[in-house]
Structure formats: C-alpha cells, structure tokens
Amino acid sequence: MTKTERDKAIEAAEYIRMRVGPVPIHVGVVLGSGLGTLAEGLSNAQIIPYTDIPHFGASTVPGHVGRLVLGKMGRTTACIMQGRLHYYEGYSLAQITLPIRAMRQLGIDTLIITNAAGGIRADLQPGHLMLIIDHLNLVGMAGHNPLRGPNDDRLGPRFPSMTRAYDPDLAAIARQVARERGIPLSEGVYAMVAGPNFETPAEVRYLRLIGADAVGMSTVPEVLVARHGGMRVLGFSLISNVAVDTLPGAAPEKTPEASHEEVLDVGIKAAPMLASLIQGVIERIT
Ligand code: HPA
C-alpha cells in the first residue's frame, strides 16, 4: 500500500525521536538562504543530515546546508532546519512540507519561519528585517497548494482559515524583543512566486499593485501546512536585494540586477541579528 503523507511524517518523526531521545520539543525553526548561523549557537546539538531522515529530500541550493539541528534554546529543545526545499528545485509541495508535518508529529506547536526576499516597498532595503504579517500565495492561487487532494482529517481540517496565518501574539512578542535588543524590524506582506528566475520589472510592479511588500520563492507552502496542523506561525523575511522595477530602456546602465550571490551575502551579514531576535522570542515563549 502506498504511504500517505501522514505515514511518511510519522516515520520521519520516529527517526528524529530515536536520535534525540524523549526531550520535549516545542519550537521548530526554518532558516532560509544564508541564514544558517542560529543553529551554530546551540550547545550539545544533535545534527541530523536530511539524507538520514526517511522521506526528507536533499537541498540542492547553495546556502542551504540540508540538515536538522536539535538543541536546547530557552527552556525547550528547538528543531532547526538549516536549509529548506523549494518548489523550483522540482520537489512537489508535499515533499517541501513533509518536514513541517514531521515537526508536528514530534509535538512542535510553534513554527518560526525565515526567508530571503526581494524588497518591493521602497523602504525595504537590503539588510532590513521584515516581520511577515500576511502573505500572497500566488503559486497557490494558480492551483498549486500542498493541501490539494483528499484531506486527512487527522492532520487538519479540509478548509483551514488563513485569516490569521501569522500569529498576532507571536508578532507582538517579536516586536517587543526587537525593541529591547535594538533590532530594527519592518513589517509587511510577503508574496510567494515559484521562481527560479527573479521577477521582471513589470512583474515587480504588478506585485506592488496587488499589495506585496516583499517577494520570495518559499515559506508559504510550509505556513499552510503548519496552520492546517494547528501550529502557531511567526515569519521573518530578510530583505536581501531590491526587487527591480525599472523597465528596460528607461535607464539601462543604472538598472541593478538581483543575483543569488547578493542574496547569500546579505544573508550571512544579517544572520546574527536575526538569530538574536529568534533566540529572544524563543526564550520569551518557553
Ligand atoms: N525575488 C524572488 N525571490 C527572492 C528575491 C527576489 O528578488 N530575493 C530573494 N529571494
């Protein structure tokens, strides 16, 4: 018999549990492009490569290490994904979100999710942190949704609400921690596109028009699955580049271009600030 997504998540969770033992694990963290440093601060960390875990795919993108790091943070054990899978790599949305379902099976009820994103709103410049207050699921609205297909009621409801996809209480804690630690924190709406190409200037203009403040190629499928499973979600975008909206011909010699190298470079520089913010939030909620 073919395994369901729930069967696979349970097998993955059982393997992780076997490796870490019966410690309480309440918080999961997904670290995006170049943002892996949070995991390096953990003491007595257990490191599990994705390739060891049943049904986990291997990350193929530079800047995504592809391992799970479990270690003590605050009064809980945090389960940190150092690198994620993306739709543009060719994985199905079910594969991308399997780690989130496995986290749920481990007992994790709070997900902190991060990404690198292009800044669309003028004040969102490279190096800025943006608290995600809502999202635009362009991939999902086009019919590609990890919750498509028969619903397993043991995982969550058929029609989950996304009115408060990003938890207002966690957002309030994040604002407070940012203030206390002197970390500038913007807020905005994240739009997911499929990638892997960066947007054309006309697409950036379109995204601004429909209410996007930042654009990226991840996060939304994981958030949908987390909310479906009843997890609370806190999300941050690190603005790694300006999403260019200058049409060709307007000022060709001045038009900058987005690149993955820039995304990684900004990520590496800003990672300690984001790590401090996440650490502060985890200490506050456990
Ligand atoms: N567009 C889409 N995804 C991204 C970008 C961008 O400009 N920067 C980082 N991820």
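These numbers were taken from a predicted model, which means no experiment stands behind them.

Procedures and definitions
Residues numbered from 1 in each chain as written. Predicted model: local features only at pLDDT ≥ 70, side-chain atom pairs only at ≥ 80, totals over all residues. Heavy atoms only, no water. Patch = residues over 30% accessible without salt bridge, like charges linked within 9 Å, V, L, I, M, F, W, Y side chains within 5 Å. Areas by Shrake-Rupley, 256 points an atom, 1.4 Å probe, with all protein chains shown as cover. Salt bridge = Lys/Arg side-chain N within 4 Å of Asp/Glu carboxyl O. Helix = DSSP H or I, 4+ residues; strand = E, 2+ residues; numbered from the N terminus. Near = heavy atom within 4 Å. Polar contact = N/O pair within 3.5 Å; in protein donor to acceptor, adjacent residues only side chain to side chain. Nonpolar A, V, L, I, M, F, W, Y, C, P; charged D, E, K, R; others polar. Buried < 20%, exposed > 50% of the residue type's maximum accessible area, 1.4 Å probe, protein only. Pairing = 2+ DSSP bridges.

Draft legend 1. Examining a nonpolar patch on the surface more closely. A cluster of nonpolar residues, Tyr206, Leu209 and Ile210, forms a patch on the protein surface that exposes about 330 Å² of accessible area. Within the fold, isoleucine 210 resides in the loop between α5 (201-209) and β8 (214-216).

Draft legend 2. Representation of the site of the ligand within the structure. Near the ligand you find 11 residues, and of these Ala116, Gly118, Glu199, Gly216 and Asn241 are the closest. Separating a nitrogen atom of the ligand from a backbone N or O atom of glycine 118 is a distance of 3.3 Å. In the complex, the protein chains occlude 94% of the 260 Å² of accessible area that the ligand would expose alone. Mapped onto the shell around the ligand, the elements with two or more residues apiece are β5 (110-119), β8 and β9 (232-242). A per-class count over the shell around the ligand returns 6 nonpolar, 4 polar and 1 charged.

Draft legend 3. The arrangement of the pattern of salt bridges in detail. Enumeration over the complete set of coordinates arrives at 11 salt bridges. The partner of glutamate 11 in a salt bridge is lysine 3, and the shortest N-O contact between them spans 3.3 Å. Ionic pairing is found between arginine 208 and aspartate 245, a salt bridge with its closest N-O pair at 2.8 Å. Of the two residues, arginine 208 is situated in helix α5 and aspartate 245 in the loop between β9 and α7 (260-285); the sequence distance between them amounts to 37 residues.

Draft legend 4. Representation of the pairing of β9 in the model. The element β9 is largely enclosed, with a buried count of 9 among its 11 residues. Across 10 bridges, β5 lies against β9 in parallel orientation. Paired with threonine 110 across the strands is arginine 232, a residue of β9. Relative to β9, strand β6 (residues 129-137) is paired through 3 bridges, and the arrangement is antiparallel.

Draft legend 5. Local environment of the environment of cysteine 79. In this structure, cysteine 79 sits in strand β4 (residues 76-82). In this structure, the C-alpha to C-alpha distance between cysteine 79 and leucine 111, residues 32 residues apart in sequence, is 9.5 Å.

Draft legend 6. Molecular detail of unusual backbone geometry. In the segment running from glycine 195 into proline 196, the intervening peptide bond is cis, with an omega of 0°. Within the secondary structure, proline 196 sits in the loop between β7 (185-192) and α5. The phi dihedral of histidine 55 is positive, around 75°, even though this residue is not glycine. Considering the arrangement of structural elements, one finds histidine 55 in the loop between β2 (46-49) and β3 (67-73). A relative accessible area of 31% places histidine 55 in the partly exposed class. One non-glycine residue, threonine 219, adopts positive backbone phi at about 75°. Among the secondary structure elements, threonine 219 is positioned in the loop between β8 and α6 (220-228).

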